[in-house]
Amino acid sequence: MNIALLGYGKMGKSIEKIALERDHQIVLKVTSETDTFDLSGADVAIDFSLPSVAVKNIKRALDSNVPIISGTTGWLDDYNEVVTYCEQREGSFLYASNFSLGVNLFFELSKKLSQLMSEFKAYHVTMEEIHHTQKLDAPSGTAISLAEAIIANTDYTNWTLKEAKPKEIHIEAKRIENTPGTHEISYHSDIDTISIKHIAHSRAGFALGALIAAEWISDKKGIFTMKDVLNIG
Ligand SMILES: NC(=O)C1=CN([C@@H]2O[C@H](COP(=O)(O)OP(=O)(O)OC[C@H]3O[C@@H](n4cnc5c(N)ncnc54)[C@H](O)[C@@H]3O)[C@@H](O)[C@H]2O)C=CC1
Ligand SMILES: O=C(O)C1=N[C@H](C(=O)O)C[C@H](O)C1
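What counts as what
Residues numbered from 1 in each chain as written. Chains lettered and ligands numbered in written order. Predicted model: local features only at pLDDT ≥ 70, side-chain atom pairs only at ≥ 80, totals over all residues. Near = placed C-beta within 6 Å. Domains from an automatic or database assignment. UniProt positions renumbered as here; feature names shortened; annotations may be inferred. Helix = DSSP H or I, 4+ residues; strand = E, 2+ residues; numbered from the N terminus. Axes fitted to C-alpha atoms, helices over the stretch in contact; angles between N-to-C directions. Parallel < 35°, antiparallel > 145°, perpendicular 65-115°, else oblique. Left-handed = near helix turned anticlockwise from the far one by under 90°. Contact = placed C-beta atoms within 7 Å. Nonpolar A, V, L, I, M, F, W, Y, C, P; charged D, E, K, R; others polar.

In the vicinity of ligand 2, the contacting residues are Thr-73, Ser-97, Asn-98, His-131, Lys-135, Ser-140, Gly-141, Thr-142 and Gly-181. Two domains each donate at least three residues to the shell around ligand 2, and these are domain 1 (2–99 + 204–230) and domain 2 (101–199).

Attention shifts here to the UniProt feature "domain: Dihydrodipicolinate reductase N-terminal" (unreviewed entry) in the chain. Summarizing the sequence annotation, UniProt attributes the feature "domain: Dihydrodipicolinate reductase N-terminal" (unreviewed entry) to residues 1–99 in the numbering used throughout. Secondary structure across residues 1–99 divides into 32% helix and 22% strand, with the first and last C-alpha atoms of the span separated by 19 Å.

Moving on to the UniProt feature "domain: Dihydrodipicolinate reductase C-terminal" (unreviewed entry) in the chain. Per the UniProt record, the feature "domain: Dihydrodipicolinate reductase C-terminal" (unreviewed entry) sits at residues 102–230. Taken end to end, residues 102–230 is 37% helix and 28% strand, and its first and last C-alpha atoms sit 11 Å apart.

Geometrically, the link from Ala-138 to Pro-139 is a cis peptide bond, its omega value of 0° lying close to zero. Mapped onto the elements, Pro-139 comes out in the loop between β6 (124–131) and α5 (141–153).

Let us look at the packing of helix α4 (residues 101–117) against α5. Where α4 meets α5, the axes come as close as 9 Å, and the angle between the chain directions of the two elements is 30°. Comparing their axes, α5 and α4 come out roughly parallel. Crossing handedness for the pair α4 and α5: right-handed. Mapping the contact onto sequence places Val-103, Phe-107, Ser-110, Lys-111, Ser-114 and Gln-115 in α4 and Thr-142, Ser-145, Leu-146, Ala-149, Ile-150 and Asn-153 in α5. Taken together, the residues that form the contact of α4 with α5 break down as five nonpolar, six polar and one charged.

Now the structure itself:
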């Protein structure tokens, strides 16, 4: 496949490495230095850029009739607008807050745990996410996905980075040098704590998942998630 990389930072470079190993070609690399670009030679576009430019990039790919995968986090207030834009153009679009197989399994594990724990009111849930110090958004997109799924399956109402009131999920966002991404969910009672944790050892899982999604979407039309790609959940 001919791949356009919209964003050629830490993730763009990780994706390029794995794409070449899987016999794909990188036909375009867009960075903050790029003035104009042409997507006509691309079979698929992969956006790992910045929260402030992701929507523009996604719309640009849809305007060019190129299927678009987005992993950029921190822009989801505009998600519904992007879905409508894609539907109007009969395009192909897939967003995932986390492309790694491990985290997508962790999403399922957390959902099941939240359903189980919703019956046991002595426990309250908290979350911790740790990422590298260059990360622009907090909490992580993955933490938001995890929290939203807990809210959908329990009587928690919202998440907060501040001190949690009853029915709120407290998320602690830590920033530590060279940390690719760690997420831990804990259910606390006076007697004990139950925790589940996912630790990314590198960016390879995110990059491989994004490429698998790009290969999968290249001959499809519609709006998708990683559940469609991995056939889980
Ligand atoms: N969904 C997932 O599995 C993952 C998502 N992410 C997210 O991906 C995004 C990028 O992460 P990193 O690569 O670590 O960031 P980074 O800061 O290393 O790279 C960002 C890139 O975007 C480029 N850029 C700036 N303006 C642009 C524009 N107008 N169009 C296209 N590119 C532009 C920058 O020049 C840079 O190359 C973040 O939002 C991060 O949260 C990161 C890892 C995994
Ligand atoms: O910025 C990152 O690095 C990551 N961002 C994603 C997120 O916000 O959840 C996914 C992963 O945790 C790495």
